[in-house]
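For reference, the chains in residue letters:
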Amino acid sequence: MSTDPMGTITGLLTETRRYPPPEDFAAQANINDPAVYERARKDPEGFWAEAAELLDWDQRWEKVLDWNPPWVKWFVGGKLNVSYNCVDRHIKTWRRNKAALVWEGEPGDERILTYQDLYREVNRAALMLKNLGVQTGDRVAIYLPMIPELPIIMLACSRIGAPHSVVFGGFSPNALADRINDCEAKVLITADGGYRRGGIVPLKENADKALEQTPSVERVVVVERVGRDKHPVQMREGRDIWWHDAMAQVSGNYCPPESLDSEHPLFILYTSGTTGKPKGVLHTTGGYLLGVALTTKWVFDLKDEDVYFCTADIGWVTGHSYILYGPLAIGATSVMYEGAPDWPDKDRFWDIVERRGVNIFYTAPTAIRSFMRWGPEYPAKHDLSSLRLLGTVGEPINPEAWVWYREHIGGGRCPVVDTWWQTETGMILITPLPGLTTLTPGSATRGFPGIEPDIVDEQGNSVPRGQGGYLVIKRPWPAMFRTLWGDPDRYVNSYFSKFGPTVYVSGDGAKQDEDGDFWIMGRLDDVLNVSGHRLGTMELESALVSHPAVAEAAVIGVSHEIKGQAIAAFVTPRAGVEPTDELARELRQHVAETIGPIARPDRIYFTAELPKTRSAKIMRRLLRDIAEGRVLGDTTTLTDPSVLEEIKQRYAASE
Ligand code: WTA
C-alpha cells in the first residue's frame, strides 16, 4: 500500500458506543447460542453439511467440499433445483397462500403474488423459455425494471438450468451489449420501459441499440410495463415478442424442474474490476442457495410471520441474494419496490413500511445519508413500530449515520446489522448476528460462523489488532463465486495469487479493533464505490478517451458526504481543443451514455498534463491528495513535478 488509505479510520477505532442485543430480541432470535461460532470453526464442513438440511435435495451429496486451491466444489454429487426450493416446496405446506412477493410500482400500482401464484407464473415462464428454444446451459440476458416479471423469469431460468445474467436497468446500450456478448446470451428479456422519478426509462430503445451489436441473441421478449399508449416501442418481426403473447402460447401449467448438479451455473453477474472489461462473476446452484438461505435466516432473523423489505435493485447482487433467492428459499415474504425513494415524496420507504407492516428493513449507507439530509420529519410522519431489525450493506457506514438510522428509523429499539460482502462472495460474510453480537456503530463486527476473515500485510502475515491491511478470507465458503465467465486466468490472478491460491483477496482494506471487531475501510484497488455502486476507474477512463476531444484521462474517487465517493476526472484535451465548460458538460454526458447515468462524473478538471512516473504510470494518488486537500505525498518519482502545481491551482480555482 503506497498511501495510507487506512489513515482515515484511526478516529473510528475510538468509537465507544456499544449496543448489546436487547434481551427480548435475543430470546426469540433464530440463532442465539454463542457456541455456533466455535462449532463452525472446529468443523466447518460439518457445520455446512448440517446447514444444508435447510434445502431440499433430489440427491444427497457424496462430499461436502472438494478443494483444489483455488478451485472449489461444494456438495459434490448433490442434485437440486433452485426454483423448486424457492417455490414448489412451499406450496406443499401452509405457505401456499402466503405472500411470496409484495410488489409496489412507482406510480402506486401493486401486485401481490402468493407462493401458489408465483408457482404458476414461474412454471409458465419456464415453458415460455423452452418454447423460445432455451435449453439447459443456454444463457438468458435480463434487462428489466423492478417488476414481478424479473424474479419470475430468474426463477424460470433456474428451473430449466439456463444461467441468467441480469443487467441493471440503469446501464447504457453499450454496457448491455458488452455483457450480452461476453456471456453469449441466446435470449434477451426486457420491457417497453420502467418508471423512475415519474419519468420513463427507455429500456426497449436501449435494448434495440445494444441488439445491433449482439449476434448471439435470437429472440427478445418484451414485457409491457408502461403501455403502448404512453410509450410505443418498435417490435422487430421474427425476433421480438411481447411477454403476454409468448405466455399465451404456452400450453400447460407445469414445467418439471431440472434436477441439477450442485455445481451447475445459476447466474452470471457482471461487476467492475481494475481493468476496463467488466468481470462475469459466476455463481452455482447448491452452495450459493445454501449460503444465502442460511444468512437470510440468521443475519436478518427472518421468521415466517415477518414482512421483509430490501431496497436494492435486483440488477445488483444484493437484490439477487437478499430480495429473491435467500428470502424465497426460506419461504419468506419479500417486498419489492420499483422506483425512487423520493417519489412522489421523500417518505416513500416509510410509507411502504407503515402500509405493509414491514418488520425487517435492509438498505445502503448512501440512502441513509440521504434520509439524514432530508431530515427526520419524513420518517416521523409514519408509524414505524412494526420494524424490529435494520440492516445496511454496500459501503462503510459512518457511526453517525448508523446511530441516526437506529434512532430515527429503528426507534432506538432495533438492532442494526452492518453486513459486509461482495458480488464475488455471493452471501454476507462479515456481520453481526442480532441475537448474539454486541454492536459497535461503524463496524461490521465479525465473520459469520464458518467464515475465516483475516487482515494481512504485504507479505501475507496477519497484522496485530489496530493495524490496517488487506482483508482476506482464508477458507472457502459455499456461496463463493466459482470463476469469472470465460476467463479463469483472471479469476486466479485477481483474487487468488497475491497470497497464494488458498487465500481470497477481497480488494478491501480493513482493521480489527481491540475487541476483534472488523472495520472495513473501502477498496484498496482502482475500484470506486459511488452510492454503493462499484465502478472501475479504467472503465471510466476508457469511456472518457473514447470521446474525440480527449487525449488522456485519469479518474479518482473523492470523499462525498452522501455518495461515499464522487467521481472526479482529470482530462487532457487533444491539441487544439478548447477546454470549456460546455466541453466538460459534454464529457459528463458522454460517460453517462457510454456506461450509464450512475457513472456520470461529478467534476471534470482540464489539465495540460497528468502527473506521471518515469515509467508513464499515472499517479492517481497524487490527484487524490489534491482533490481531498491533503499535503502531497511523495513526488520524487514524477517526470515533471511542476505539472502538479498547475493542477493544484486549477483545482483550487474551480472549487
Ligand atoms: C463494499 C455489494 C463496508 C466493499 C454487496 C466491497 C462494504 C464492495 C460493505 C462490494 C460494508 C459492501 N461495509 N464496505 N458493510 N458492504 N462494501 O460487489 O468495498 O457491489 O468490496 O457487493 O462494497 O460491492 P458489490
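Only a predicted model underlies this, so the values are computations on that prediction, with no experimental measurement involved.

Cut-offs and rules
Residues numbered from 1 in each chain as written. Predicted model: local features only at pLDDT ≥ 70, side-chain atom pairs only at ≥ 80, totals over all residues. Heavy atoms only, no water. Helix = DSSP H or I, 4+ residues; strand = E, 2+ residues; numbered from the N terminus. 1 Å grid on protein atoms, 1.4 Å probe; cavity = no way out; pocket = protein on both sides within 12 Å on 5 of 7 lines; lining within 4 Å. Points joined across faces, edges and corners; volume = space filled by probe spheres on them. Nonpolar A, V, L, I, M, F, W, Y, C, P; charged D, E, K, R; others polar. Near = heavy atom within 4 Å. Polar contact = N/O pair within 3.5 Å; in protein donor to acceptor, adjacent residues only side chain to side chain. Contact = heavy atoms within 4.5 Å. Axes fitted to C-alpha atoms, helices over the stretch in contact; angles between N-to-C directions. Parallel < 35°, antiparallel > 145°, perpendicular 65-115°, else oblique. Phe/Tyr/Trp six-rings, centres within 6.5 Å; stacked < 30°, edge-to-face > 60°. Buried < 20%, exposed > 50% of the residue type's maximum accessible area, 1.4 Å probe, protein only. Lys NZ or Arg CZ within 6 Å of the ring centre and 35° of its normal. Pairing = 2+ DSSP bridges. Disulfide = S-S within 2.5 Å. Core = buried A, V, L, I, M, F, W, Y, C linked by side-chain atoms within 4.5 Å. UniProt positions renumbered as here; feature names shortened; annotations may be inferred. Expected span 1.5 Å × (residues − 1). pLDDT = per-residue confidence, 0-100.

### Observations concerning unusual backbone geometry
In step 1: Across the junction of Pro 69 and Pro 70, the peptide omega takes the value 0°, indicating a cis bond.
In step 2: You can see Pro 70 is positioned in the loop between β1 (63–68) and β2 (71–76).
In step 3: A cis amide bond, omega -5°, links Trp 343 with the succeeding residue Pro 344.
In step 4: Structurally, Pro 344 can be placed in the loop between β17 (333–337) and α12 (348–356).
In step 5: Here Phe 75, not a glycine, exhibits a phi torsion of approximately 55°, which is positive.

### With respect to the layout of surface pockets
Empty space among the atoms becomes visible once a probe the size of a water molecule is rolled across them.
In step 1: Volume-wise, the second largest pocket comes out at about 590 Å³.
In step 2: Residue lining of the second largest pocket: 28 residues in total, with Tyr 37, Arg 446, Gly 447, Ile 451 and Pro 453 positioned closest to the centre.
In step 3: Counting residues per element, the ones that place at least two in the lining of the second largest pocket are α2 (35–42) and β21 (453–456).
In step 4: It is α2 that provides the largest number of residues to the lining of the second largest pocket, a total of four residues.
In step 5: Taken together, the residues of the lining of the second largest pocket sort by class into 10 nonpolar, seven polar and 11 charged.

### Details of the site of the ligand
In step 1: Within the structure, the ligand sits among 17 residues, and Asp 418, Thr 419, Thr 423, Arg 523 and Arg 534 are positioned closest to it.
In step 2: Arg 523 has a polar side-chain atom sitting 2.8 Å from an oxygen atom of the ligand.
In step 3: Secondary structure elements with two or more residues in the shell around the ligand: α11 (317–329) and β25 (518–523).
In step 4: Looking at the shell around the ligand residue by residue, the class counts come to six nonpolar, six polar and five charged.

### Digging into the environment of Val 76
In step 1: As for its position among the elements, Val 76 is in strand β2.
In step 2: What Val 76 contacts, discounting residues up to four positions off in sequence, is Trp 61, Glu 62, Lys 63, Val 64 and Asp 66.

### Some remarks on the packing of helix α13 (residues 365–374) against helix α15 (residues 399–409)
In step 1: Look at α13 against α15: their axes get within 10 Å of each other, and the N-to-C directions meet at 70°. Taken together, the axes of α13 and α15 lie roughly perpendicular to each other. Seen from α13, the contacting residues are Ile 368, Arg 369, Phe 371 and Met 372; seen from α15, they are Glu 400, Ala 401, Trp 404 and Tyr 405.
In step 2: When grouped by side-chain class, the residues that make up the contact of α13 with α15 number six nonpolar, no polar and two charged.

### Some details on the packing of aromatic side chains
In step 1: Applying the stated criterion across every chain, the model contains 40 aromatic pairs.
In step 2: With a centroid separation of 5.3 Å and an interplanar angle of 50°, the aromatic rings of Trp 57 and Phe 75 are classed as tilted. Of this pair, Trp 57 sits in the loop between α3 (44–51) and β1 while Phe 75 sits in strand β2, and the two are 18 residues apart along the sequence. The burial state of Trp 57 is the same as that of Phe 75; both residues are buried.
In step 3: One aromatic cluster in this structure is built from Trp 71, Trp 477, Phe 481, Tyr 491, Tyr 495, Phe 496 and Tyr 504.
In step 4: The residue whose ring lies beneath Arg 60 is Trp 61, and the NZ or CZ to ring-centre distance is 4.2 Å.
In step 5: For Arg 228, the ring lying beneath its charged end belongs to Trp 242, and the centroid distance is 4.8 Å.

### Section: the sheet that holds β25
In step 1: On the basis of which strands lie adjacent, the open sheet formed by four strands has the order β21-β22-β24-β25 and antiparallel pairing. The open sheet is flanked by β21 and β25, the only strands paired with a single partner. The average angle at which neighbouring strand axes cross in this sheet is 45°, direction not considered.
In step 2: Inspection of the sheet shows strand β24 (residues 504–512) paired to β25 by five bridges, in the antiparallel sense.

### Observations concerning the state of the cysteines
In step 1: Counted under the stated rule, the structure contains zero disulfides.
In step 2: Cys 183 forms no disulfide, and the closest cysteine sulfur to it belongs to Cys 157, at a distance of 11 Å.
In step 3: As a non-bridged cysteine, Cys 414 has Cys 310 as the owner of its nearest cysteine sulfur, 16 Å distant.

### A short note on the nonpolar core
In step 1: Grouped together as the largest cluster of nonpolar side chains are 170 residues, with contacts concentrated most on Trp 48, Ile 153, Ile 189, Trp 243, Phe 300, Tyr 325 and Met 427.
In step 2: With nine residues, helix α5 (residues 115–131) is the largest single contributor of residues to this core.
In step 3: The residues contacting Phe 300, other than those within four sequence positions of it, are Thr 295, Tyr 308, Tyr 322, Ile 360, Tyr 362, Leu 389, Val 417 and Ile 428.
In step 4: With 31 residues, the next largest nonpolar core counts Val 335, Phe 349, Ile 368 and Trp 404 among its residues.

### A word on the UniProt feature "binding site: Mg(2+)" (unreviewed entry) in the protein
In step 1: In this structure's numbering, the residues bearing the UniProt feature "binding site: Mg(2+)" (unreviewed entry) are Val 545, His 547 and Val 550.
In step 2: Among the structural elements, Val 545 can be located in helix α17 (residues 537–545).
In step 3: Looking at Val 545, the relative accessible area reads 33%, which means it is partly exposed.
In step 4: The residues contacting Val 545, other than those within four sequence positions of it, are Val 550, Ala 551, Glu 552 and Ala 553.
In step 5: With respect to the element layout, Val 550 can be found in strand β28 (residues 550–560).

### As for helix α18 (residues 581–594)
In step 1: Look at α18: 20 Å from first C-alpha to last across 14 residues, which is about the 20 Å you get at 1.5 Å a residue.
In step 2: Tucked inside the fold, the buried residues of α18 contact α7 (173–183), α17, β28, β29 (564–573) and β30 (603–606).
In step 3: At the C-terminal side of α18, Gly 596 shows a positive phi close to 155°.

### Examining the confidence of the model for the protein
Note: predicted coordinates in regions of low pLDDT should not be interpreted at a detailed level.
In step 1: Averaged over every residue, the pLDDT of the protein is 95; residues scoring 70 or more account for 98%.
In step 2: Within the protein, helix α20 (residues 642–654) has the poorest average pLDDT of any element, 81, and helix α6 (residues 149–160) the best, 99.
In step 3: Note that pLDDT drops below 50 for residues 1–11; the model gives that stretch 20 contacts with residues more than four away or on any other chain.
In step 4: Two summary scores accompany this predicted model of the complex, namely pTM at 0.94 and ipTM at 1.00.

### Comments concerning the sheet that holds β17
In step 1: Reading across from one edge, β5-β4-β17-β16-β18-β19-β20 is the order of the seven strands in this open sheet, with mixed pairing throughout. Each having just a single partner strand, β5 (110–114) and β20 (416–418) make up the two edges of the open sheet. In this sheet, adjacent strand axes meet at a mean angle of 15° when their direction is disregarded.
In step 2: Sheet topology places strand β4 (residues 99–104) next to β5; five bridges connect them, and they run antiparallel. Opposite Leu 101, over in β5, you have Leu 113 as the bridge partner.
In step 3: Most of the contacts of α5 go to β5, to which it runs at about 90°, and overall it touches β4 and β5.
In step 4: Taken strand by strand, α15 contacts β18 (360–363), β19 (389–392) and β20, and its axis lies near 150° from that of β19.

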